[in-house]
Structures are given as C-alpha cells and as structure tokens.
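Architecture and fold: a report
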Amino acid sequence: MLENSLDASSSFIQVSVKAGGLKLIQIQDNGCGIQKDDMPLLCERFTTSKLEKFEDLSNMLTYGFRGEALASITHVAHVLVTTRTADSKCAYKAAYRDGKIVAANPGQAAEARPCAGNHGTLISVEDLFYNMPSRKKALKSPSEEYSRIADVMNKYAIHNAGVAVTLKKHGEAMADLKTTPAATVIDNISTVYGPSVARELLFLSCEDAKLGFKMSGYISNANYSVKKLNFILFINHRLVDSANIRKSLESVYTNYLPKNSHPFIYMSIEITPSSVDVNVHPTKHEVFFLHEDLIIEALQKCLEDKLLGCNSSRTYYTQALLPTHITSASSDIVNSNKKSTVSGDKSQYAYQMVRTDCREMKLDAFLRPSSLEPTQRKSVSDDPANQNSPTEMDTSGCTPAENEGLSAKRPREVDKLQGHASVDHVNMKKRRRHKPVHLTSILYLQQRIKDHQHTELIELFRNYKFVGCVDQTRALVQYSTKLYLIDVSRVSKELFYQLLIYDFANFGILKLSTGAPITDLSLMILNNPESGWTEDDGSKETLAKYIEEFLTSKAEMLKDYYSLEINEAGEMLSLPLLLDSYTPNLDNLPRLLLKLATEVSWDAEQECFESFSRELSSFYAVQYDPYLVDSSNNDVSNTQSDQESLQKHKPWRWITEHVIFPAFRTELIPPRQMAEDGSVLQIADLHDLYKVFERC
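Residues numbered from 1 in each chain as written. Predicted model: local features only at pLDDT ≥ 70, side-chain atom pairs only at ≥ 80, totals over all residues. Heavy atoms only, no water.

Quick word on the overall build of the protein
Rules: Here a strand is any run of E in DSSP of at least two residues, a helix any run of H or I of at least four, and the numbering for each starts at the N terminus. Working rule for contacts: check all heavy atoms of both residues, and any pair within 4.5 Å makes them a contact. Only the protein chains shown count as covering a residue, and every accessible area follows the Shrake-Rupley method with a 1.4 Å probe.
Helix and strand counts for the protein stand at 22 helices and 22 strands. A separation threshold of at least 6 residues defines the contact pool for the protein, and within that pool the share at least 24 residues apart is 71%. Put simply, the protein shows about 35800 Å² of open surface, and 50% of that area lies on carbon and sulfur atoms.

Looking at helix H15 (residues 518–526)
Keep this limit in mind: Each residue's exposure class comes from its accessible area (1.4 Å probe, protein chains only) as a fraction of the maximum for that residue type: buried when under 20%, exposed when over 50%, partly exposed otherwise. Comment: arc refers to directions from the helix axis out to C-beta atoms.
Along H15, the residues classified as buried are Ile-518, Thr-519, Leu-521, Ser-522, Ile-525 and Leu-526. The arc that holds every buried residue of H15, seen down its axis, measures 165°, which confines them to one face. At its buried positions, H15 is contacted by strand E20 (508–517), helix H16 (540–553), strand E21 (571–577) and helix H18 (589–598).

A short note on the packing of aromatic side chains
Formally: Two rings from Phe, Tyr or Trp (for Trp, the six-membered ring) form a pair when their centres are within 6.5 Å of each other. A pair whose planes differ by under 30 degrees is stacked, one over 60 is edge-to-face, and the rest are tilted.
Throughout the structure, instances matching the rule amount to 20 aromatic pairs. Relative to Tyr-562, the ring of Phe-507 has its centre 6.2 Å away and its plane inclined at 10°; by these criteria the two rings are stacked. Residue Phe-507 is found in the loop between helix H14 (488–502) and E20, and its partner Tyr-562 is found in helix H17 (residues 555–562); the two are separated by 55 residues along the sequence. Residue Phe-507 is classed as buried on the basis of its relative accessible area, which comes to 9%. Classification of Tyr-562 as buried rests on a relative accessible area of 0%. Between the aromatic rings of Phe-550 and Trp-602, the centroid separation amounts to 5.5 Å while the plane-to-plane angle is 75°, which identifies the pairing as edge-to-face. Placement of the pair is Phe-550 in helix H16 and Trp-602 in the loop between H18 and helix H19 (605–620), with a sequence separation of 52 residues. The class of Phe-550 is buried, set by a relative accessible area of 18%.

Describing the sheet that holds strand E22 (residues 680–685)
Which entries qualify depends on this criterion: Strand pairing is assigned whenever DSSP detects at least two bridges linking the two strands. Here an axis means a line fitted to C-alpha atoms, over the contact stretch when the element is a helix, while the angle between two N-to-C directions is reported on a 0 to 180 degree scale.
Taken in spatial order, the four strands of this open sheet run E17-E18-E19-E22, and their pairing is antiparallel. Looking at strand neighbours, the two that pair on one side only are strand E17 (465–471) and E22, the edges of this open sheet. Strand-to-strand twist across the sheet, computed as the mean angle between neighbouring axes with direction ignored, equals 25°. In this structure, strand E19 (residues 482–487) lies alongside E22, joined through five bridges in antiparallel fashion. Pairing of Leu-485 across the sheet is with Leu-681, part of E22.

Considering the pairing of strand E3 (residues 78–84)
With five of its seven residues buried, E3 lies for the most part within the structure. Pairing of E3 with strand E7 (residues 120–126), which is carried by seven bridges, proceeds in the antiparallel orientation. Within the sheet, the bridge partner assigned to Thr-83 lies in E7 and is Thr-121. The sheet contact formed by E3 and strand E4 (residues 91–97) spans five bridges and is antiparallel. Each bridged residue has a counterpart across the sheet, and for Val-79 the counterpart in E4 is Tyr-96. Connecting E3 to the antiparallel partner E4 that follows it, the hairpin turn spans six residues.

Some words on the environment of Tyr-218
Tracing the backbone through its elements, the reader meets Tyr-218 in strand E11 (residues 213–220). A C-alpha to C-alpha distance of 5.4 Å links Tyr-218 and Leu-202, two positions 16 residues apart in sequence. Sequence-distant contacts of Tyr-218, defined by excluding residues within four places in its chain, comprise Val-185, Ile-186, Ile-189, Leu-201, Leu-202, Phe-203, Phe-264, Ile-265 and Tyr-266.

Printed below as a string of structure tokens:
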C-alpha cells in the first residue's frame, strides 16, 4: 500500500497504526487518486493499472503490478477505501471483502458512494486476520510488529527525499517519524538514525554503461561503527535485500573498523529494467539481475577507493564541555588504586586509568630566576639608537631590597613614551586582605562571581595537569582521562577581573621607571585607525588633552582603589600588581587610557567598578605578541651559561606554565559562560581514543 501511494506521485503520505497493525492500518496520501469507474475492480485479483501492454512486463518501473496486494488483504481484513481524483467534485468511499466491493452498511447498495474527502486516497485496513486465528497467533507482540512497520517506513522515507512521510500510532498526537518535502537524504538519515551518523557520512556514486547500472548512496566513514549493521538497499527504487551485496560491502570495512563493528550503508542502484527479475519472491523482497558478480565487484572497488580517500584526513568535533558530570582526577586515582587492590585490576580497564597526578611538579618550576626581565622583544631595527638606549626599571612595593636595574631593547615608538615595569616577588597570599573592604557594590560583585560559578570547571582548574603551550594564547591540559584546549587569553581576562574585584584596594604597586605622559599616549592611539576617530569627534589634540584632564581628576580614587598613580603633570607613574612575576604588555597602555576615558561608566558606583575592572582586565590579559621571545628561540649568545640565559630571559612559555596557570588553579572561579564560549574545549578522551586505535 505504501508503494501504491508512491506510484501515485504522492508528495505526502501518512500512516496510522493501532495495536501493531492488527486493529487498524490507515494510509493516506495526496496522489492522483482512483477513478470511480475503476473502484468495482480495485480489489479483484490480477487487477492492476500499472501495465498497459504485455511488453511492459519486461520494463517494470513501478512497484505494484501483479494486482495481488489489495486482493490478498481483503480476504483477511475489512478494507475501506476513500479516494478523490483531481478532476472529481467529491470523493468516493467503498468497502471490500474477499476481493469484491460490498455494502458499507446493511441495506445499502454494493457500490462506491460519494462523500467528502481530500484529493488522494485513504485506505483503512481493520481487524487483520480476523478470520484466521492460527495466522493471527503466529504474529509477534503489537510493539514488535509496530517496530517492523517503522523500519520499513524509515527506509522508504530515507530513499524518497522530497516526500513528506509521517508514521504515528493511532490516537496519538506525536509522530514517531516525520519528514518534510524539503528534506534531503542526509536530513532524513539524521531524523531516523541521529546526527551522529549523518555527520560521518560520505557520498558514494559510480556508473558503468557497459554493465548498464549506476549507483548512488551514503556510507559511513572509518570513524563511525555500531554493533549492528545498518544496510539499506534499493534496486530500481524498490526496497530489497541482497546477501551477496551486503557481505561483499561489509568485507571491505573489515580493514577499517574494529572487530565486531559494523558500518552504515545506504545504496540506491538503478539497473536496466530488462536485466532485473523482480518476480522471484512472493513479497518481492529479493530480486535477481544480470552480471551480478561484475556489478558487485565494481561496487566493492568504488567503496574501497572512497574509504582510502577519506582516511587521509579526519574531522574532529569539539564541544565546550562534556554534558556529563566531571569526576575528580584525584578521586579517580584513589578509586583505581582501591579497585586494583580488591579485584586485582579485573574491573579496571586501560582506558579508565589516570596516569598523571596534578600534584606533581616539574623541575624547571624550581629554577625561578633571581631577577626576571618583564618583557622580551626581538629587535626588528638595526638603528643604533634603538640598540643602545637601555631603559631603567624600578620597583616600589613591599620589598624595596629586590629592586634591580635591568636593560631591554624596545624597537617600537611606544618605548620612548613609557618606561618598563618590574614586579615585586612577593607571595600574593601574604599580601591579601590587609585592608578590609566594606563597599556594598564590591561585595555584590564578589557574590555575583560566586553565584555564577561552574562546579565542574572548578574541579578541572583545581586538578588539571599542564601538558604544554600550543601558542601564546592557547594551552593543553589533562584532567582525568580527557585532554582540554584552554583559551589562555579569555580565561586570563576573567582571572584578572576576579583579582581586581577580590583584591580591591589591596594591590601591590608596579611602578614605571619614568612617568608616561597621558597626552602623548592618547595622541598615539588616536592616530591609530583602530581608535575609530573621525573629524566629527574634534581635533586629536583636544581629545588627548581631555583624556589627560579627566583621568587626572580621578587620580585620588585610582591610586587609593587600584594603585594606579597619576601625578599633577598628567603622567602615569604606576599600575596595580595583580600577579607576581607577571607584567602586562605595556604597548597596549595607550589603548587602555582611551578605554578608561570612554568606556567606563563613571556615574554609578557599581557600574563604574565593574566596567573599570573589565577594561583593566582586558589590558592585563594574555595576548598574542609577535615580539615576545620564544623559549625555543632565545636570542642569547652561545657563550653564556644556561643560568645566565635563564636570568636574562623570561620566555612566555615559562610565564604561562609557572605564573598564569598556577593562578588559574588557586585564584580562578570559572563562570558558567566559560563552558559555552569556547574557553575550554575537550579535544580528546582516552575512552574514545581506545575505540579508534582498536582497529590498528
């Protein structure tokens, strides 16, 4: 009946089933319908409208052509047909039994009666096998019979993209299968089997004019495997099964999939109708065709070439964080030890073993230089003025005895306007909370950070194992049996914001060796196109002077709350020290001054502290800088000892691993949004990796 609806050029087919089809099977379509004159012969045996002449038997392109389906059903069930053609003014309804049209109700004539109805045909089959108790008992349970119906509907829905197919249980509003006319084959596969299959599919096609066949379809790549084979085969648009084709195609996958794993295969093969015998099986479930061995060999070769081609590259899908709860790495280690002790490692699988300990420390963590140069840049100019103009650096803070004069080469113009800063090597824990804060706005911002924390991410950052740096703004860490990619720039921005909120009015001092003139720095950023300055904003000199005067008017508050000192001459003298051994990129200082003057909400207290801290945290956040010296490419003379090299250079890799990430572990309270914005991406799982390498 489903095939008859497809033969009728239907674009919508709806099937309703009750009690697994035993009580009711109802199929409705919007096809061409049945003429009223044909209705008395509709269910007669050997009656069909698919053949016009005898020669059509050797060139079959339709489904039902033997006139047996409806005739057989009327002998074991009550059949009611309602149909309407496009040129008919009304629909006609007729009841059938034993192949003959009968009266729908006692006292009525045995003929098709006019009624209201939509274009197309509606066939209702009720009380299946009502007159054959033994056959009815041989059926499975209603749920199992319904699953078989659903399986057939799913496969036809995949093949007939462009036809809206709906399957539901009678009386229920929700459909178990629903496709749309605009859906593609991949869309329907995703609807039936899930997106995990659809995104691993490869399009496959081949054609051989000599053998008279062409094939198209979708197969799963080497990354996908299931315990049961999903094999969908259509030959000349008829759902069939071919053991020879199935076995030959699956044998190709044995070289790519783990043992006892199977692929997904959907194929549509079109063979010259004269070469196909569709009348060899009572249910037309199997067909025979000429040159079967040669066609199967061609299909195997096409599949092999496709799998070899896709094996050269792989696509990895990432997610911000696993949806399941993250277990503690330390607890995994303890639990694994307990299991190995009690059960002798019988219950501990290799992919569950955590082989690292977050408490371990690397040797280079103890090689902390006695004096660290805050920034290192490679000189890009051969100008002697740049190479021979060292800038002194001073510190002012808790331990003046540590102040040392160092020199650095700064090739860019900003070095002429601002001095370097050095940091106080003082434990921040000892420096905190010596000045209590009672401002309601700050207490509210602190509480909001706690309220928006992400519990699983806190576990990750407290118990991670640092793996290494990918580049200046990305790093890899291991937590439990999973590998994560951390966006250091985003996470450090949140870290410095929280430090600014929790250490409010308790910062150390990062003092510039020479005062940085705010007017000159403002002019520098206004001359940069990224500032967004236009002539409508006024002259650059006027704006630069306004920025200086505005920030100078806030100097007392900035010094008291943020250790940001500005003198009466409009020069910035110091910045807050947020992390020991860490200095922000001072080349971004002009941009910071512009942001503080234009982006901070100075009118309201809470908004002022929050926006100011956000802008300052953006300035302190780790950013990509092409001038930073890489740990693998230090420009140090080979005649110097390793210790001297370490004392004069502080590579960004060392800062990331031994300054930034330890602060993540002890200071950061990850917010919920960090699990969604790509700050933390899981890129590998030991369990999944074992699945991949099992095939090797």
